[in-house]
Amino acid sequence: MHKINVLAFGSDNFNTSLEELKDYLNFKLTFLNNLKNELFENYDVLLIHEDYSKNNLLKKELFNQSNKIKILVSYSNNSIPSFFNDRLCLPTSIKDLNAVVENSIARKSFSKNSSIEIKGYILDKNEKKLIKDENHILLTEKEIQLLELFLNNTKSIGKSKILREVWKYAEEADTHTVETHIYRLRKKIKSKFSDENFILNNKDGYILW
């Protein structure tokens, strides 16, 4: 399993305290004073003490632009800037430090696996939504399974394969069931997004692209 790489930013005292804990951490910890955005790419998490970026607009901008997980280390429970993903409150324990890093990684992994980009839309499997810009429609479980099936196939998919993959040949399912579900899904997409070409069809079946 890939070991989590954490890049820490803070005062000398903060870094020294973390250095003393390195043997007890569940992640690899590195300290860096020369702040450059491109160096973030080698790390999974940025651990940032509140005093490090408080009065430096350049540092704030670099942190804001980074898509890495950013954890604010602070002494208060006040609201945190939106570009931070989580907070570690001081004083803390080794257990809490390990937990906040590992939980942040787990949440990002879950979010990534539950959100899929399809033709300029975002399929949020967790919220059961198809999203574009500020608009969304709610999806049923079967509609989500249909979209995933279409997404994973670059060729047209016939009704029999859809029945086999989505309905598992349930007794109540037939080709009319497939047609009805796709019709309803197309109607929802057209009504909300004015998109008549999201799900296409030809003589071989249905396709997204």
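Computed from a predicted structure; not experimentally measured. (Residues numbered from 1 in each chain as written. Predicted model: local features only at pLDDT ≥ 70, side-chain atom pairs only at ≥ 80, totals over all residues. Heavy atoms only, no water.)

(A) Structural detail: the nonpolar core. Of all hydrophobic cores here, the largest spans 26 residues; its most connected members are Leu130, Phe150, Ile162 and Phe198. When contributions to this core are tallied by element, the ones reaching two or more residues are β6 (115-118), β7 (121-124), α5 (141-151), α6 (159-167) and α7 (175-193). Counting 18 residues, the second-largest nonpolar core is a separate cluster that includes Leu18, Leu47, Ile69 and Leu90. (Core = buried A, V, L, I, M, F, W, Y, C linked by side-chain atoms within 4.5 Å. Buried < 20%, exposed > 50% of the residue type's maximum accessible area, 1.4 Å probe, protein only. Helix = DSSP H or I, 4+ residues; strand = E, 2+ residues; numbered from the N terminus.)

(B) Inspection of the sheet that holds strand β4 (residues 69-74) at higher detail. Taken in spatial order, the five strands of this open sheet run β2-β1-β3-β4-β5, and their pairing is parallel. Two strands lie at the open edges of the sheet, namely β2 (28-31) and β5 (86-89), each paired on one side alone. Averaged over all pairs of adjacent strands, the angle between their axes in this sheet comes to 25°, without regard to strand direction. Where strand β1 (residues 5-9) lies against strand β3 (residues 45-49), four bridges are found, and the strand directions are parallel. What sits directly across from Ala8, in β3, is Leu47. (Pairing = 2+ DSSP bridges. Axes fitted to C-alpha atoms, helices over the stretch in contact; angles between N-to-C directions.)

(C) Structural detail: the pattern of salt bridges. Summed over all chains, the structure comprises eight salt bridges. Its salt-bridge partner being Asp204, residue Lys203 comes within 3.5 Å of it at the nearest N-O pair. A relative accessible area of 46% means that Asp204 is categorised as partly exposed. (Salt bridge = Lys/Arg side-chain N within 4 Å of Asp/Glu carboxyl O.)

(D) The packing of α5 against α6, seen in detail. Taken N-terminus to C-terminus, the directions of α5 and α6 make an angle of 125°; their axes are 10 Å apart at the nearest point. Judged by the inter-axis angle, α5 sits oblique to α6. Of the two possible hands of crossing, α5 and α6 adopt the one that is right-handed. Between α5, through Lys142, Gln145, Leu146, Leu149 and Phe150, and α6, the contact on the second element is made entirely by Ile162, Glu165, Val166 and Trp167. In terms of residue class, the contact of α5 with α6 is built from six nonpolar, one polar and two charged. (Parallel < 35°, antiparallel > 145°, perpendicular 65-115°, else oblique. Left-handed = near helix turned anticlockwise from the far one by under 90°. Contact = heavy atoms within 4.5 Å. Nonpolar A, V, L, I, M, F, W, Y, C, P; charged D, E, K, R; others polar.)

(E) Quick peek at the packing of α6 against α7. Where α6 meets α7, the closest approach of the two axes is 9 Å, and the angle between their N-to-C directions is 85°. Compared by their axis directions, α6 and α7 come out roughly perpendicular. The residues of α7 that touch α6, namely those facing Lys159, Ile162, Leu163 and Trp167, are Thr175, Thr177, Val178, Glu179, His181 and Ile182.

(F) Structural detail: the sheet that holds β6. In spatial order, the strands read β6-β7-β8-β9; together these four strands make up an open sheet with antiparallel pairing. Both outer strands of the open sheet, β6 and β9 (135-138), are each paired with one neighbouring strand and no more. Neighbour-to-neighbour, the strand axes of the sheet open up by a mean angle of 25°, direction not taken into account. Note: β7 against strand β8 (residues 129-132), three bridges, orientation antiparallel. Note that in β8 the partner of Asp124 across the bridge is Lys129. The sheet contacts of α5 involve β6, β7, β8 and β9, and relative to β6 the element is tilted by about 60°. Sheet contacts for α7: β7, β8 and β9; angle to β9, the most-contacted strand, approximately 155°.

(G) Structural context of the environment of Leu123. When you line up the elements, Leu123 lands in strand β7. Expressed as a C-alpha distance, the spacing of Leu123 and Leu139, which sit 16 residues apart in the sequence, is 9.3 Å.

(H) Representation of the side chain of Asn153. Looking at the element boundaries, Asn153 is found in the loop between α5 and α6. You can call Asn153 buried: its relative accessible area is 16%. Only 2.7 Å separates the side chain of Asn153 from the backbone oxygen of Leu149, close enough to count as a polar contact. Look past the residues within four positions of Asn153 in its chain and what remains in contact with it is Lys161 and Trp209. (Polar contact = N/O pair within 3.5 Å; in protein donor to acceptor, adjacent residues only side chain to side chain.)

(I) Representation of the environment of Lys142 within the structure. Looking at the secondary structure, you find Lys142 in helix α5. The class of Lys142 is partly exposed, set by a relative accessible area of 27%. Expressed as a C-alpha distance, the spacing of Lys142 and Ile182, which sit 40 residues apart in the sequence, is 10.0 Å.

Purely geometric numbers; function is a separate question.
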